[in-house]
Amino acid sequence: MANACKKPEFSIFEQQQLLQGSELRQVKMGEVLFTQGETGDCMYWLESGEIEILFKEGQSGKRLQSDAYFGELALLTGGSTRSATAVATRNSQLRVIQQQRLQEIQQSHPQMLCQLLQRTCAYLIEHENSLLADLSEQNRSLTQALDYLRRTRDELDASEIRANTDELTQLYNRRCFEQRMHYLFSAEYNKGKNPQLAVLIFDLDRFKAINDTHGHTAGDTVLKCLARLLRSCCRNNDFPCRLGGDEFIVLLPDTQKKEAFGMAELLYDAMRTLKIRIPTTTIQVTVSIGLTLYRAGDTTKMLMERTDQALHRAKQQGRDQIVEV
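Fair warning: this is a prediction, and the values are worked out from it, not measured in the lab.

### Structural notes on the nonpolar core
L200, F202, L204, V222, L226, L230 and V287 are the most contacted members of the largest nonpolar core, which has 36 residues in total. Contributing elements (two or more residues each) for this core: β9 (197-204), α7 (207-214), α8 (216-233), β11 (247-253), α9 (257-272) and β14 (287-293). The element contributing the most residues to this core is α8, with nine residues. Each residue touching V287, except ones within four places of it in the same chain, is listed here: F202, D203, L204, D205, L226, Y268, M271, D320 and Q321.

### A closer look at the pattern of salt bridges
Side chains that carry opposite charge are capable of pairing whenever their charged atoms lie near each other. Applying the stated criterion across every chain, the model contains 13 salt bridges. Its salt-bridge partner being R90, residue E50 comes within 3.8 Å of it at the nearest N-O pair. Remark: R90 occurs in the loop between β7 (85-88) and β8 (92-98) and E50 occurs in the loop between β3 (42-48) and β4 (51-56); sequence separation between them is 40 residues. Since its relative accessible area comes to 45%, R90 is described here as partly exposed. As a salt-bridge pair, R306 and D298 come within 2.6 Å of each other at their nearest N and O atoms. Using a relative accessible area of 10% as the deciding quantity, one classes R306 as buried. The network of salt bridges with common partners includes E50, E52, R63 and R90.

### Things to note about the side chain of T165
Looking at the element boundaries, T165 is found in the loop between α4 (110-164) and α5 (174-184). Ignoring sequence-local partners within four residues, the contact set of T165 consists of Q170, L171, Y172 and N173.

### Quick word on the sheet that holds strand β15 (residues 322-324)
Pairing is mixed across the open sheet formed by five strands, whose spatial order is β10-β11-β9-β14-β15. The open sheet has two edge strands with one neighbour each: β10 (239-244) and β15. Put simply, the sheet's adjacent strands are angled 20° from each other on average, direction ignored. As defined by bridge partners, β9 adjoins β11 across seven bridges and the pair is classed as antiparallel. Bridge pairing links F202 to F248 in β11. On top of the sheet, helix α10 (residues 300-316) reaches β9, β11, β14 and β15; it is set at about 145° to β14, its chief contact.

### Considering the sheet that holds strand β1 (residues 23-27)
Pairing within the open sheet is antiparallel, and its four strands lie in the order β1-β8-β3-β6. Across the chains shown, the open sheet's two edge strands, defined by having one partner strand only, are β1 and β6 (68-70). Neighbour-to-neighbour, the strand axes of the sheet open up by a mean angle of 30°, direction not taken into account. Relative to β8, β1 runs antiparallel, the two being bridged by five bridges. Bridging across to β8, V27 finds its partner in S92. Against the sheet, helix α3 (residues 99-108) touches β3 and β8, its axis set at about 60° to β8.

### Here's the deal with α8
An ideal rise of 1.5 Å per residue puts 26 Å on 18 residues; α8 measures up with 26 Å between its terminal C-alpha atoms. Taken together, the buried positions of α8 are occupied by A218, G219, V222, L223, C225, L226, A227, L229, L230 and C233.

### Remarks on the environment of Q20
In this structure, Q20 sits in the loop between α1 (12-19) and β1. Separated by 85 residues in sequence, Q20 and I105 have C-alpha atoms that sit 9.9 Å apart.

### Observations regarding the packing of α8 against α9
Contact geometry for α8 and α9: axes closest at 10 Å, N-to-C directions at 145°. Viewed along their axes, α8 and α9 form a crossing whose handedness is right-handed. Counting all contacts with α8, which are made through L229, L230 and C233, the residues of α9 involved are M263, L266, L267, A270 and M271. Residues of the contact of α8 with α9, tallied by class, amount to eight nonpolar, no polar and no charged.

### With respect to the packing of α5 against α10
If you want to describe how two helices pack, look at the angle between their axes and the distance between the axes. Orientation of α5 relative to α10, taken along the N-to-C sense of each, is 120°, at an axis distance of 10 Å. The angle between α5 and α10 places the two elements in the oblique class. The handedness of the crossing between α5 and α10 is right-handed. Where α5 abuts α10, its residues F177, M181 and H182 lie against T300, L303 and M304. Among the residues making up the contact of α5 with α10, the classes are represented as four nonpolar, two polar and no charged.

### Thoughts on the pairing of β14
Of all seven residues in β14, seven are buried; the element is thus mostly enclosed. Relative to β14, β9 runs antiparallel, the two sharing seven bridges. Pairing of A198 across the sheet is with L293, part of β14. Sheet topology places β14 next to β15; three bridges connect them, and they run parallel. For I289, the partnering residue across the bridge sits in β15 and is I322. With α10 bridging β14 and its parallel neighbour β15, the resulting β-α-β unit is left-handed.

About the cut-offs
- Residues numbered from 1 in each chain as written.
- Predicted model: local features only at pLDDT ≥ 70, side-chain atom pairs only at ≥ 80, totals over all residues.
- Heavy atoms only, no water.
- Core = buried A, V, L, I, M, F, W, Y, C linked by side-chain atoms within 4.5 Å.
- Buried < 20%, exposed > 50% of the residue type's maximum accessible area, 1.4 Å probe, protein only.
- Helix = DSSP H or I, 4+ residues; strand = E, 2+ residues; numbered from the N terminus.
- Contact = heavy atoms within 4.5 Å.
- Salt bridge = Lys/Arg side-chain N within 4 Å of Asp/Glu carboxyl O.
- Pairing = 2+ DSSP bridges.
- Axes fitted to C-alpha atoms, helices over the stretch in contact; angles between N-to-C directions.
- Expected span 1.5 Å × (residues − 1).
- Left-handed = near helix turned anticlockwise from the far one by under 90°.
- Nonpolar A, V, L, I, M, F, W, Y, C, P; charged D, E, K, R; others polar.
- Parallel < 35°, antiparallel > 145°, perpendicular 65-115°, else oblique.
- Right-handed = clockwise from strand over helix to strand, strands pointing away.

Put into structure tokens, the structure is as follows:
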């Protein structure tokens, strides 16, 4: 925001009166004339070169060229602290106007001092408006950036959900199931103890016949109804997933054998009484359920192999039953 606003000019007479008897000073590029917070005991008139006024560290407020004055506010308000830092950005020549000179002007030309005060106030108001406009623009840019980040976060969240969710049933998918299984076996989750985990797997009995008789749309309706029922039966920390086709699996963390059988029986009874309406008829289904629990020394592979064995036995033994291995 360099050159945000320009101070009103003095007439030749006013300039001569202000500079009468002032000290001439040479400053080199990079030299600091005063810093923000220090007490001001003089003001300056820039004859040649360039001075930069920094209102905050590293933030450019304005750049002054020849015939500009600055630092007067500290004198006009009775030696108050500087509100900014002044640095020479080029080799410069300026006049130093001390407090005594202002007092002399006050006695000899009081109207001129009033004009100086009016010009300074007008400049400060203009500069404040410029700062407010700049702040408003920064706020607008920040709002846009935050909005972009929010949309990006939502898109990433949505993408992550899609990557871990079965599209048809909205249950967790196989990818997410495998990640969760490894986490439940991790030292981070178990904190040095053996996992206490049960796994329940089931699929529909003779699901192919439903698709063949009523069509795949009816089959999809059945799967979605089972998924809703499964979600309603699960506890908050249970992890229901669709592995694919008509095969579903539920991870039951921190669950002992009695609780696991209770969950299996709850699902078994609920699914046997489920009546699924499709356009031409009402379908009732049965399920085969396999159940196994973690044993000391198990790996995820060993646990899943026993889970598959339990489901296979339930089907071999006539379907529509619960088998634990």
